[in-house]
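Descriptive analysis of the structure
Below, each chain spelled out in residue letters.
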Amino acid sequence: MNFQLTKDFITLIEWLIDQKKNSELLQKIDNLLAPDIAEILELLDFEKSKYLFSLLGEEMRADILLDVEEDLREMLLEDLSLQEIVKEVIENLDSDDAADVIQELPEKKQQEVLSNIADPQQAINIADLLSYQHNSAGALMAKELIKVQENWSVLRCVSEMRKQAQNINKVYTIYVINKQNKLTGTASLKKLLLTPEKTFISDIYNKQIISVQTSTSAEEVARIMNKYDLIVLPVVNKKNELVGRITIDDVVDLIKEEAGKDYQMASGISDHIEPLDNVLTLTRARIPWLIIGMIGGLLGAQIIGLFEIEKNPFLAFFIPLITAMGGNVGVQSSAIIVQGLAANNLGIDSWYKRFIKEFSVALLNGLICCILLFIFSIILYLQPNISLMLSVSLLTVMVFAALFGTFVPLILNRMKVDPALATGPFITTMSDVIGLFIYFSIAKYLL
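The structure displayed is predicted, hence computed values, not measured ones.

Quick notes on the packing of aromatic side chains
- Taken as a whole, this structure holds two aromatic pairs when the rule is applied.
- On the numbers, 5.5 Å between centres and 25° between planes, the contact of Phe-400 with Phe-404 is stacked. Taken together, the residues Phe-400 and Phe-404, both in helix α19 (residues 384-414) and four residues apart, mark about one turn of the helix.
- On the basis of an interplanar angle of 50° and a centroid distance of 5.0 Å, the ring pair of Tyr-439 and Phe-440 is categorised as tilted.
- Overall, the relative accessible area of 0% leaves Tyr-439 in the buried class.

Observations concerning helix α6 (residues 70-78)
- Of all the residues in α6, the buried ones are Leu-72, Arg-73, Leu-76 and Leu-77. Axial view of α6: buried residues confined to an arc of 135°, hence all on one face.

Considering the sheet that holds strand β6 (residues 242-247)
- A sheet is described by the order of its strands in space; here three strands give the open sequence β4-β5-β6, paired in mixed fashion. The outermost strands of the open sheet, each flanked by one partner alone, are β4 (212-213) and β6.
- Looking at chain direction, β4 and strand β5 (residues 232-236) are connected through two bridges and run parallel. Within β5, the position partnered with Gln-213 by the bridge is Val-236.
- Contacts from helix α14 (residues 218-227) reach β4, β5 and β6, with the element oriented near 135° to β5.

A few points about helix α9 (residues 107-115)
- For α9, the set of buried residues is Lys-109, Gln-110, Val-113 and Leu-114. Down the axis of α9, the sector holding all buried residues measures 140°, keeping them to one side. In α9, the exposed residues that point more than 90 degrees away from the buried face are Lys-108 and Ser-115.
- Of the surrounding secondary structure, the elements contacted by the buried residues of α9 are α6, α7 (82-89), α8 (95-103) and α10 (120-130).

Side note on empty space enclosed by the protein
- For the structure shown, the criterion picks out one cavity of 30 Å³ or more.
- What the largest cavity holds in volume is close to 50 Å³.
- Forming the boundary of the largest cavity are Glu-144, Leu-145, Ile-146, Ile-168, Lys-170, Val-171, Tyr-172, Thr-173, Tyr-175, Val-232 and Arg-245.
- Residues of the lining of the largest cavity, tallied by class, amount to seven nonpolar, one polar and three charged.

Things to note about the pattern of salt bridges
- For the coordinates displayed, the defined rule picks out eleven salt bridges.
- Residue Glu-88 pairs with Arg-61 through a salt bridge whose shortest N-O separation is 2.6 Å. Of this pair, Glu-88 sits in helix α7 while Arg-61 sits in helix α5 (residues 58-67), and the two are 27 residues apart along the sequence.
- A relative accessible area of 15% means that Glu-88 is categorised as buried.
- Here Glu-220 and Arg-223 are joined by a salt bridge, their closest N and O atoms 2.8 Å apart. With Glu-220 and Arg-223 both in helix α14 and three residues apart, this pair spans about one turn of that helix.

Let's talk about the packing of helix α1 (residues 7-18) against helix α4 (residues 46-54)
- The interhelical angle for the contact between α1 and α4, taken along N-to-C directions, is 75°, at an axis separation of 10 Å. Classified by the angle their axes make, α1 and α4 are roughly perpendicular. Across the interface between the two elements, Ile-13, Glu-14, Ile-17 and Asp-18 of α1 pack against Lys-48, Tyr-51 and Leu-52 of α4.
- A class-by-class count of the residues in the contact of α1 with α4 yields four nonpolar, no polar and three charged.

Regarding the pairing of strand β3 (residues 183-187)
- Burial of β3 is extensive: five of the five residues sit out of reach of the surface.
- Alignment of strand β2 (residues 174-177) against β3, held across four bridges, turns out to be antiparallel. Paired with Ile-177 across the two strands is Leu-183, which belongs to β3.
- The antiparallel pairing of β2 with β3 creates a hairpin that spans five residues between the two strands, and Asn-181 there sits at a positive phi of about 65°.

Let's talk about the sheet that holds strand β1 (residues 146-149)
- An order of β1-β2-β3 is seen for the three strands of this open sheet, with the pairing classed as mixed. For this open sheet the edge positions go to β1 and β3, each flanked by a neighbour on one side alone. Adjacent strand axes in the sheet meet at a mean angle of 35° when their direction is disregarded.
- In the packing of helix α12 (residues 154-165) onto the sheet, the strands contacted are β1 and β2, and the crossing angle to β1 comes to about 155°.

What about the pairing of β2?
- Neither face of β2 is open: one carries Ile-174 and Val-176, the other Tyr-175 and Ile-177, and all of them are buried.
- The pairing of β1 with β2 spans four bridges and is parallel. By the bridge assignment, Ile-146 is partnered in β2 with Ile-174.
- Between the parallel pair β1 and β2, the chain is carried across by α12, and the sense of this crossover is right-handed.

Side note on the confidence of the model for the chain
- Summarising the model, the chain shows a mean pLDDT of 84, and 90% of its residues fall at 70 or more.
- Confidence, expressed as mean pLDDT per element, reaches its minimum in the chain at helix α15 (residues 248-266) with 71 and its maximum at β4 with 95.

Considering a negative patch on the surface
- On the surface, a cluster of negative charge is contributed by Glu-58, Glu-59, Asp-63, Asp-67, Asp-249 and Asp-253.
- Elements with a minimum of two residues in the negative patch: α5 and α15.
- By residue number, the principal contributor to the negative patch is α5, which donates four residues.
- Of note, Asp-67 is situated in helix α5.

Calculation rules
Residues numbered from 1 in each chain as written. Predicted model: local features only at pLDDT ≥ 70, side-chain atom pairs only at ≥ 80, totals over all residues. Heavy atoms only, no water. Phe/Tyr/Trp six-rings, centres within 6.5 Å; stacked < 30°, edge-to-face > 60°. Helix = DSSP H or I, 4+ residues; strand = E, 2+ residues; numbered from the N terminus. Buried < 20%, exposed > 50% of the residue type's maximum accessible area, 1.4 Å probe, protein only. Arc of directions from axis to C-beta. Pairing = 2+ DSSP bridges. Contact = heavy atoms within 4.5 Å. Axes fitted to C-alpha atoms, helices over the stretch in contact; angles between N-to-C directions. 1 Å grid on protein atoms, 1.4 Å probe; cavity = no way out; pocket = protein on both sides within 12 Å on 5 of 7 lines; lining within 4 Å. Points joined across faces, edges and corners; volume = space filled by probe spheres on them. Nonpolar A, V, L, I, M, F, W, Y, C, P; charged D, E, K, R; others polar. Salt bridge = Lys/Arg side-chain N within 4 Å of Asp/Glu carboxyl O. Parallel < 35°, antiparallel > 145°, perpendicular 65-115°, else oblique. Right-handed = clockwise from strand over helix to strand, strands pointing away. pLDDT = per-residue confidence, 0-100. Patch = residues over 30% accessible without salt bridge, like charges linked within 9 Å, V, L, I, M, F, W, Y side chains within 5 Å. Areas by Shrake-Rupley, 256 points an atom, 1.4 Å probe, with all protein chains shown as cover. Lys, Arg positive; Asp, Glu negative; His and termini not counted. Charge placed at Lys NZ, Arg CZ, Asp CG, Glu CD.

Here's what the structure looks like:
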């Protein structure tokens, strides 16, 4: 049954911790899974979280460390001794998860943890994963997998699979390699069960295989797994030797993390933050784009001053309309482009074709809005010259904002800069400033 955390439940847990009623405390969380307990720990103050965490079993503690937020994980790890980290955490995790945990330790402690792992092969696997560049397939993969050689019989294959499966929690795919450990395909478990024992794997395995190299970016890994609807993806080195595999749960975590970062960046938050972060951290992440927005507002004020608005005070009435429409159009365009870049589904259109397409969309939307604005302004003000000026200004600002919101993300992406920077405050600020200049310029010319 899905666990629903309530305020009353947290209050009860806090009371049981204060009263040191350990047996009742463990009974309350006995049927909960690691993500549920991680959610509880994040809502308690650290001392209570640490106390509850210390009462749990080794496997549960290891799983919980993967589910709690990064800041709490670091504090819990700091409170554990070297032997506790090795015996109770690292040795109960798959290689990729163990590498993620070790990566958050100070460099000196990382070496100490690796040197104290009892299984030399596990230590080598984790050290290898730590050597890969962050956000690459090599850093994302796990070493645990089942592989068989193409010249083995089905009988020997099943025997070897049993030995390898002892160290693997979940078996997704059986990989087929040659004598040089080069990936050649995959074997179906159903075929292995139904095929005569003396049949060779080379006669029954699937030679069509999709794989990635260790240097492939994590974003490309996610795109490939989504495109081909995969739950697991093999990873090879430059020699096409099988070195690991990436599972769908790792990719989902990556997608969630990247989506959160992009959403925050689009909202004008420069660093990845969590709701439970302290005031100083939250302020530091938000303030840069607020300052940029303030500077944009000052520039807008200067533009208004340039056109001597006091001679035509009615122009001030329509400033909110022009800035709001320009900002909305710019954000819409940039959001579509950033989403397309992230999903790699913009197609193969050239910049010229993209320009024609976005210009056409902006022009059509602008004409619809301008016609409506002209009708309403005629009814309200009975002055055709004002209605014409407003309509032309709005059309021009909307077309500019759409093209600006389209091409800024594309340019940033070409420059290897995260295009999510182009959404949110940046687009709205620039659209406001330039939109005001366009508005007053047209007003000066037509009026």
